[in-house]
Amino acid sequence: MSYQYKNDCNPPAPVLRITIRNMSDNARQIIGDALIDTGADITCLPRVIVRTLGGEPVSTYNVVGIDNAHVGPANSYFLEFEIASIKKLAEVIAIGDELILGRNLINEFIIQLDGPGKITNILKSE
Amino acid sequence: MILVDQEIEKAVETGEIEITDFSKECLQPASYDLRVGEEGYLLSGGKIINIQNESFFDIQSGDFALILAHEKLRLPTNMLGRFGLRSLYARKGLLATAGPQVDPGFEGKLVIGVVNFSSQNVHLPYLEPFCTLELNRLSRHSVTSYSGQYQNQEHLTDDLIKLMPKEPFPLAVMLIRQLAAASPSLQHFEASILPRMIPQELSVFEQEKAVFLHLKQELLKEHRGQYVVIRGGKAVLFGTNKMELAKQAYQKFGYGPIYVGLVSEEYESVHISTPRVTRRME
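Calculation notes
- Residues numbered from 1 in each chain as written.
- Chains lettered and ligands numbered in written order.
- Predicted model: local features only at pLDDT ≥ 70, side-chain atom pairs only at ≥ 80, totals over all residues.
- Helix = DSSP H or I, 4+ residues; strand = E, 2+ residues; numbered from the N terminus.
- Buried ≥ 20, exposed ≤ 12 C-beta atoms within 10 Å, placed from the backbone.
- Contact = placed C-beta atoms within 7 Å.
- Pairing = 2+ DSSP bridges.
- Axes fitted to C-alpha atoms, helices over the stretch in contact; angles between N-to-C directions.
- Nonpolar A, V, L, I, M, F, W, Y, C, P; charged D, E, K, R; others polar.
- Core = buried A, V, L, I, M, F, W, Y, C linked by C-beta atoms within 7 Å.
- pLDDT = per-residue confidence, 0-100.
- Expected span 1.5 Å × (residues − 1).
- Arc of directions from axis to C-beta.

## Observations concerning the overall build of chain A
Stage number 1. For chain A, the helix and strand inventory stands at two helices and ten strands.
Stage number 2. Listed N to C, the secondary structure of chain A is β-β-β-β-α-β-β-β-β-α-β-β in terms of helices and strands.
Stage number 3. A buried classification covers 38% of the 126 residues belonging to chain A.
Stage number 4. When contacts within chain A are restricted to residue pairs at least 6 apart in sequence, long-range pairs at least 24 apart make up 54% of them.

## A look at the overall build of chain B
Stage number 1. Broken down by element type, chain B carries eight helices and 15 strands.
Stage number 2. Relative to its 282 residues, chain B shows a buried fraction of 30%.
Stage number 3. For chain B, contacts bridging at least 24 residues in sequence account for 69% of all contacts bridging at least 6.

## Some points on the sheet that holds strand β13 (residues 234-239) of chain B
Residues and elements named next belong to chain B.
Stage number 1. Overall, antiparallel pairing links the three strands, which are arranged β13-β12-β14 in an open sheet. Here the strands that pair on one side only, and so sit at the sheet edges, are β13 and β14 (259-262). Pairs of neighbouring strands in the sheet enclose a mean axial angle of 30°, with direction left out of account.
Stage number 2. In this sheet, β13 lies alongside strand β12 (residues 227-231) in antiparallel orientation, the contact comprising five bridges.

## Some thoughts on the interface of chain B and chain A
A common measure of how large an interface is: the accessible area buried when the components associate.
Stage number 1. Contact residues are listed per partner, giving 30 residues for chain B and 32 residues for chain A.
Stage number 2. Sorting the residues of the side of chain B that touches chain A by element identifies β10 (122-125), α7 (204-223), α8 (242-253), β14 and β15 (269-271) of chain B as the ones contributing at least two each.
Stage number 3. Per-class residue counts for the side of chain B that touches chain A are 17 nonpolar, nine polar and four charged.
Stage number 4. Of the strand pairs in this sheet, strand β5 (residues 57-64) of chain A and β15 of chain B are connected by three bridges, and their pairing is parallel. Paired with Val-64 of chain A across the strands is His-271 of chain B, a residue of β15 of chain B.

## Let's talk about the nonpolar core
Stage number 1. In terms of nonpolar packing, the biggest core is built from 47 residues, with Cys-44, Val-63 and Ile-93 of chain A together with Val-260 of chain B touching the most fellow members.
Stage number 2. Looking at this core, the element that brings in the most residues is strand β6 (residues 70-83) of chain A, giving seven residues.
Stage number 3. Aside from chain neighbours lying at most four places away, what touches Ile-93 of chain A is Ile-42, Cys-44, Tyr-61, Val-63, Ala-74, Asn-75 and Ser-76 of chain A together with Val-270 of chain B.
Stage number 4. Counting residues in hydrophobic clusters, the runner-up holds 41 residues, among them Ile-8, Ile-59, Ile-67 and Val-102 of chain B.

## Considerations on the confidence of the model for chain A
Stage number 1. Averaged over chain A, the pLDDT score is 91; the fraction of residues at 70 or greater is 98%.
Stage number 2. Ranking the helices and strands of chain A by mean pLDDT puts strand β8 (residues 100-101) of chain A first, with 96, and strand β10 (residues 119-125) of chain A last, with 86.

## What to know about the pairing of strand β11 (residues 129-137) of chain B
All names here are of chain B.
Stage number 1. Pairing analysis gives four bridges linking strand β3 (residues 31-42) to β11, with the strands arranged antiparallel. Of the residues in β11, the one forming a bridge with Arg-35 is Pro-129.
Stage number 2. Examined bridge by bridge, strand β7 (residues 79-85) and β11 share seven bridges and lie antiparallel to one another. Paired with Phe-83 across the strands is Leu-133, a residue of β11.

## Notes on unusual backbone geometry
Stage number 1. In this chain, Asn-10 of chain A is followed by Pro-11 of chain A through a cis amide linkage whose omega measures -5°.
Stage number 2. Structurally, Pro-11 of chain A can be placed in the loop between β1 (2-4) and β2 (15-22).
Stage number 3. The backbone of Leu-127 of chain B shows a phi angle near 70°, a positive value even though the residue is not glycine.
Stage number 4. With respect to the element layout, Leu-127 of chain B can be found in the loop between β10 and β11.
Stage number 5. Using a count of 17 C-beta atoms within 10 Å as the deciding quantity, one classes Leu-127 of chain B as partly exposed.

## A few points about α8 of chain B
Stage number 1. Here α8 of chain B contains twelve residues, and its C-alpha end-to-end distance of 16 Å stays within 8% of the 16 Å for a straight helix at 1.5 Å per residue.
Stage number 2. By the burial criterion, the buried members of α8 of chain B are Lys-242, Leu-245, Ala-246 and Ala-249 of chain B. Projection of α8 of chain B onto a plane perpendicular to its axis shows the buried side chains occupying an angular sector of 100°, all on one side. For α8 of chain B, exposure combined with an orientation more than 90 degrees from the buried face picks out Glu-244 and Gln-251 of chain B.
Stage number 3. Packed against the buried residues of α8 of chain B are β5 and β6 of chain A together with β12, β13 and β14 of chain B.

Below, the structure is given as structure tokens:
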């Protein structure tokens, strides 16, 4: 399955179309494009999305940013993700204003980045 | 005479006073901001925390803490200091406890006692300016110089910690004990609730988290490195895979508030090395 790069980023950025659901209530779902970010240990969602999905927090992380700068505490949640028709349960933190796909989810897939073609291909899931 | 910013800076430059790791950014119009230092102590935790390693220091609602200032000071015998919390932290519900003054001739790092009177945790990053020091020049040099037990203090010591109150939530404890003393019918309440008292205005998640923090020292004895699920104020499940443990908890108890904590002396951290997530959260 292939996805166009996000062209409103400069340079264009690889994204995946994802569906996020409350794990106990599949009717509550959000679909969006998540930035593939191998620098993020964990997937990040804006708080408004977590609230909309009715996620229950499960723990709190200390978030460390660039140059080991302390960003602050953030609560984590378990949510269901659907990427390329494959469903995965993943832990996310509620932080920032964008959907950021971290390595906890990226590493579940074989992803090919075709920079010149500005296309992301999902080849396989673990 | 209270020193203004340029006088403080000049006094440091000439060596009249010493403030280690002096930063102009900490200069206020008539004071100098002291930053959160390397060590802290929480009454509820019962051990010295290396704030530099943890990178922050969280003070739970109702808890009493000692915080070592980052800067080492040296005052001449014609100068004394007074310090108080920055208004930001006073507004968040912290109250500093301190002696009347930093005596002339003091040399060392200040230790500030702080009580969190709010219903929320207060988060203090390492090196955050959290209190401010006013410097007063005296009319003459004092005959004697400070030579008390805190002279040359650079760490939190057992002697300091022994002086702290023994109850985890001192103010609330005091109030309940006074109520119990006034009404014998409340004495059962005092005996049963006090040892495990968690502020009820917290969300269920925050209450479970507070229970986890309260139990952590005990859990470390047998479950170090494992994850634990806290539900209903108790540790109910243990395991090594966080996601599997959470799934197990949701299957067993339904999708509701739980806290899943790592039984470790360190806080769980995640690195998000992107400029897209840099905002400090309250």
